[in-house]
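Spelled out, the chains give:
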Amino acid sequence: MLPDLTSEILSLKQSGLYRRLREIDSPHNPSARLDGKDVILFCSNNYLGLANDDRVKQAAIESLESYGVSSPASRLISGTTPAHRRLETRLAGYFGTEAALVYPSGYSANTGVIPALVEHGDVIFSDRLNHRSLIDACRLSRATTVVYDHLDVDDLIEKMRQHSPSRRRMIVTDGVFSMDGDLAPLDELAEVSRQNEAILMVDDAHGTGVFGQTGRGTPEPFGVEPGVDVWMTSASKGLGTFGGIIAGRQDLISLLINRSAAFIYTTAIPPDICAATIQALDILESEPDRRKNLLSMASHIRAGLTELGFDICGSQSHIIPALIGDPSLTLDVADFLIDRGIFVLGIRPPTVPDGMSRLRISLMSTHTDDHIEQLLGAMTEVRATFNLGTETTS
């Protein structure tokens, strides 16, 4: 029998950790409707504005007419369509890999690939601030997981020295860290993996479409694409659609098709999502100003928040935290911003460590200069009203 859970819910509320669903009654455009109120949306992962692009929607509609609304089977039974094949071929070409495989989500891609490659007796080296899906994937693998200090390559090297005997060793990192917005030192990590014959896996869910000369993500500007053994990303962010993606060598993809539980035992993503993602890739490649505009606005906001005295946790990207610290105060600040028409999500434990609650600002290339100035103006009010900024973050 299910016990009474009221006391647990009350405890969450008293500690400022209770969560509730908020309703967005509009597309993820900069101007949106939140619980019936007009707001400027600063907490969407629709980084390049492609989720609402008419061309992307039309591609999905045409595929919907051909294949219906679902793939009512797993890929290995009867769920694979020509749309899935076309998408995976397109993705492999885009990332410059031999092959690619699409999963129903980024979470399932991570929990599908790591346990398929390493197991009990192997060792995984994981950045302390990796995404929860990577943490869960490491646990599922039953390999020994060694956590190294965030972005600290020297600590990684030392811990690899301490854990040398193993069948396989694997280094796992985010490319863009989803809460701090900082970047992994992929050039150094690629060299460490090469010297130690370790598998290098990069979860670049928040980097794809945004970083690099062609938008392929964080491995591109670091010049380490050939050194990334497992290239993971998500179509639900920069590409504006849905699904998880693994790109790499053909033997990796063949192994996943045969051994990855998260691929084998779940229904395939709908064909219309495949068609929409192909169209999004075409737009991403032909319209580089989208990512250039996004990164330019991000630089302006980072500078503005830093001038106001907010700790932005070393952000180097379009994900920009403003550290508050206390979870209840973070909620109060987020509500204060909503009253001023700015929707920025307050992030609290367990998503971030204790004492590290923050506002998490994420940008879309479709934001305007006026939207940015309204955000910075509201954050100026936050500093004065809540006595935040230089005094509390120095």
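Bear in mind the structure is a predicted one, so any value in this text is a computation, not a measurement. (Residues numbered from 1 in each chain as written. Predicted model: local features only at pLDDT ≥ 70, side-chain atom pairs only at ≥ 80, totals over all residues. Heavy atoms only, no water.)

Participant: Mind showing me how you'd approach the pairing of strand β5 (residues 123–127) here?
Facilitator: Residues in a regular strand point their side chains to alternate faces of the sheet. Of all 5 residues in β5, 5 are buried, a share of seventy percent or more. Here β5 shows no split at all, with V123, F125 and D127 on one side and I124 and S126 on the other all buried. Relative to strand β6 (residues 144–148), β5 runs parallel, the two being bridged by 5 bridges. Residue pairing for β6: V123 is matched across the bridge by T144. Chirality of the crossover, the property in question, places the unit of β5, helix α6 (residues 132–141) and β6 among those that are right-handed. Of the strand pairs in this sheet, β5 and strand β7 (residues 169–174) are connected by 4 bridges, and their pairing is parallel. In the strand pairing of β7, F125 is matched with I171. (Buried < 20%, exposed > 50% of the residue type's maximum accessible area, 1.4 Å probe, protein only. Helix = DSSP H or I, 4+ residues; strand = E, 2+ residues; numbered from the N terminus. Pairing = 2+ DSSP bridges. Right-handed = clockwise from strand over helix to strand, strands pointing away.)

Participant: Looking at this model, I keep getting lost on the packing of aromatic side chains. Mind explaining?
Facilitator: Between two aromatic rings, the relevant description is the distance of the centres plus the angle of the planes. Inspection of every chain in the model, using the stated rule, returns 4 aromatic pairs. Relative to W231, the ring of F95 lies with its centre 5.0 Å away and its plane at 50°, an arrangement referred to as tilted. Placement of F95 in helix α4 (residues 82–95) and of W231 in strand β9 (residues 230–234) is noted, with a sequence separation of 136 residues between them. Across the pair, exposure class does not vary: F95 and W231 are buried alike. Above the plane of the ring of Y18 lies K13, whose end atom (NZ or CZ) is 4.9 Å from the centre. Over the ring of F336 we find R340; its NZ or CZ atom is 3.5 Å from the centre of that ring. (Phe/Tyr/Trp six-rings, centres within 6.5 Å; stacked < 30°, edge-to-face > 60°. Lys NZ or Arg CZ within 6 Å of the ring centre and 35° of its normal.)

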